Each structure stands twice: as structure tokens, then as C-alpha cells.
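Below are the chains, spelled out letter by letter.
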Amino acid sequence: MKKDVPTHVAIIMDGNGRWANAKKMPRNAGHKVGSETLQDIVEYAEELGISYITVYAFSTENWSRPKEEVDGIMKLLDNYLSSAIKKASYKSIRAKVIGRKDELSPKLVEKIEKLEHLTRDKKGICVIFAINYGGRDEIVRAIAKMATDLEKDTLKIQDISEDMVTKYLDTADIPDPDFLIRTSGELRTSNFLPWQLAYSEFYFTNKMWPDFSRSDFDLAINEYTNRKRRFGKSE
Ligand code: IPE
Ligand code: IPE
Ligand code: MG
């Protein structure tokens, strides 16, 4: 299997709320189990030889949820980061966070930076957490940075190219995802990586994220290996 696995898998981890509702549990219980699913799938992705995994943890639109739910998700992210920081010395994972940091609590940003720093030279799977991430917001921030550099004359209009734009995005050093998985049956991308997913293969499953297992991941990866990517070429 190792040979054909995608280099980079992106996941929209959706369905935590519905999973909890169906069990008459609070939505935050769904997010908790969802974070355990994430730990397991990351470990498995590394075993399969996948090099990058980007996961949508919190969108710029998710602030419009009830405060109790937003606080619950932020607490879970905080716990996740703390535990990753504790394990960093003996794990091979390299962690990175994309998204808008200036709206996150300073305590969370501190942990993000600490984890990124501690794992920067790790040689295992690179896990990219999209926290307060919105694709349009990322592009707007990139445009503002480019405009600043044009003004400072460190960027020339004639140097603006697809490669150059890519360098201004949060994902600057990361190759585009080969494969996008969305759980929960929704058939949309919800502002996730609009630039980077331009040529990715998409896979949708009705499984709710807390129920998504290693064998569901196998099914998805198997389907990927049977896809034919053409990138606009004729055969
Ligand atoms: C995904 O699950 C997790 C986040 C958006 C943080 P949801 O919370 O969106 O679950 P559903 O879609 O309401 O079931
Ligand atoms: C996308 O899921 C965001 C995350 C998984 C973090 P949503 O549940 O927020 O997306 P919509 O609202 O169904 O499009
Ligand atoms: Mg949802």
C-alpha cells in the first residue's frame, strides 16, 4: 500500500454534533470523541506512509456557534496541544497550524508556537491543524502581505505568479493536498483550502467523524489509488 498512498491528505472532520445528538449527548461530547478519532487517524496515516495530513479543526465561520460550544472546542484544542507538547520529545510528528492567529487567545497561540518550535525538525508525518482557518481569509491576508511588500519594493509586480502567491499563503512550504476527505455526508468544502485543493481528488463519506475508523480510512485511500489524475492533460 505504501507506494500508492497520497503524499498529502486533507480532512474536513465533520459530523461531531450530529453524532452526539443521535446519542442524546451534548455536542461537546461529540467534539471530544472526534478529537480521539483525530489522534488515531494521524497515527494510522503515519503508519501508512502519508507525509502530510491537514485537518480542519475550527473555521472562521464557526465563531457563530453558541459560546458554550466555541469554548468547549477551544478547550479541547488547548488540551490537544498540551498533550502534544508533553509527548513531543519522543514522537516523530511535526506540527504546524494554519489560520488566523490574532483572534485566538494568547494562551492558545503560545502553545501553538511552542509545539511548532519543539517539532520543527521532526522527520515523521507533518500534521497541519487549521484553526480559525478560512480559505478566503487566508487569501485576503496574503493579498495584504503582497501589497505591503509591493509598497516596500521587496516585491515587483512582474514577479507575481502562481508560485509567488503560493508563498504568501499559510501553507507556503506545504505541497497541495492530493486527496480531500469529508465525513458526515455534506457535499461541500466550507471555505477549506480553496487555492490548494484546485486539483485534489475529493472523497465524501456518510460516516460521522467520531465513527470514522482506520478501516474507513483504508476504504478512502483505496479509492484514491484507483483514481486517474490528469491535471488537464489528454491521454
Ligand atoms: C465538525 O463537526 C467539528 C467542527 C465544526 C468544529 P460539527 O460540529 O460541524 O458537527 P455537525 O456537522 O453539526 O454534525
Ligand atoms: C467545516 O464544518 C468546519 C470544520 C470541520 C472545522 P462545518 O460544519 O462548520 O461546515 P458547514 O457549516 O456544514 O458548511
Ligand atoms: Mg458540521
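Notes on the structure follow. For clarity, every value in this text was computed on a predicted model and none was experimentally measured. (Residues numbered from 1 in each chain as written. Chains lettered and ligands numbered in written order. Predicted model: local features only at pLDDT ≥ 70, side-chain atom pairs only at ≥ 80, totals over all residues. Heavy atoms only, no water.)

**A word on the site of ligand 2**
The test is simple: Proximity criterion: a residue is near a molecule or strand once any of its heavy atoms comes within 4 Å of it. Polar contact criterion, stated in full: a pair of N or O atoms within 3.5 Å, where within protein one must be able to donate a hydrogen and the other to accept it, and residues adjacent in sequence count only if both atoms are side-chain atoms. In short, Shrake-Rupley with a 1.4 Å probe defines the accessible areas, and a residue's cover is counted only from the protein chains shown. Where helices and strands are cited, they refer to DSSP runs of H or I of at least four residues and of E of at least two residues respectively, numbered from the N terminus.
Near ligand 2, the surroundings consist of Ile12, Met13, Asp14, Tyr56, Ala57, Phe58, Asn62, Arg65, Arg182, Arg188 and Ser190. Arg65 is positioned with one of its side-chain polar atoms (N or O) 3.2 Å from an oxygen atom of ligand 2. Protein contacts shield 78% of the accessible area of ligand 2, which totals 390 Å² for the unbound molecule. It is strand S2 (residues 52-59) that provides the largest number of residues to the shell around ligand 2, a total of 3 residues.

**Some details on the packing of helix H2 (residues 27-48) against helix H3 (residues 67-87)**
Two quantities define a packed helix pair, namely the angle between the helix axes and the distance between the axes. The condition is simple: Fitted lines through C-alpha atoms give the axes, limited to the stretch in contact for helices. The angle between two N-to-C directions lies from 0 to 180 degrees. Roughly parallel here means an angle under 35 degrees, roughly antiparallel means over 145, roughly perpendicular means 65 to 115, and every remaining angle is called oblique. In this scheme, a crossing is called left-handed if the near helix is turned counterclockwise away from the far one by less than a right angle; it is called right-handed if the turn is clockwise. By the convention used here, residues are in contact when the closest approach between their heavy atoms is within 4.5 Å. Residues are grouped as follows: nonpolar covers Ala, Val, Leu, Ile, Met, Phe, Trp, Tyr, Cys and Pro; charged covers Asp, Glu, Lys and Arg; every other residue, Gly included, is treated as polar.
Interhelical geometry of H2 versus H3 gives an angle of 25° and a closest axis separation of 10 Å. Judged on the interaxial angle alone, H3 and H2 are roughly parallel. Crossing angle aside, the handedness with which H2 passes H3 is right-handed. Across from Arg27, Asn28, His31, Lys32, Ser35, Leu38 and Gln39 in H2, the residues of H3 making contact are Glu68, Glu69, Gly72, Ile73, Leu76, Tyr80, Ser83 and Lys87. Of the residues that constitute the contact of H2 with H3, the class distribution is 4 nonpolar, 6 polar and 5 charged.

**Re the site of ligand 1**
Taken together, 13 residues lie around ligand 1, and Asp14, Gly17, Arg18, Arg27 and Arg65 are the ones closest in. Within the side chain of Asp14, a nitrogen or oxygen atom sits 2.8 Å from an oxygen atom of ligand 1. Gly17 is positioned such that a nitrogen or oxygen atom in its backbone is 2.9 Å from an oxygen atom of ligand 1. For ligand 1, the protein covers 87% of the area, taking 380 Å² as the surface of the free molecule.

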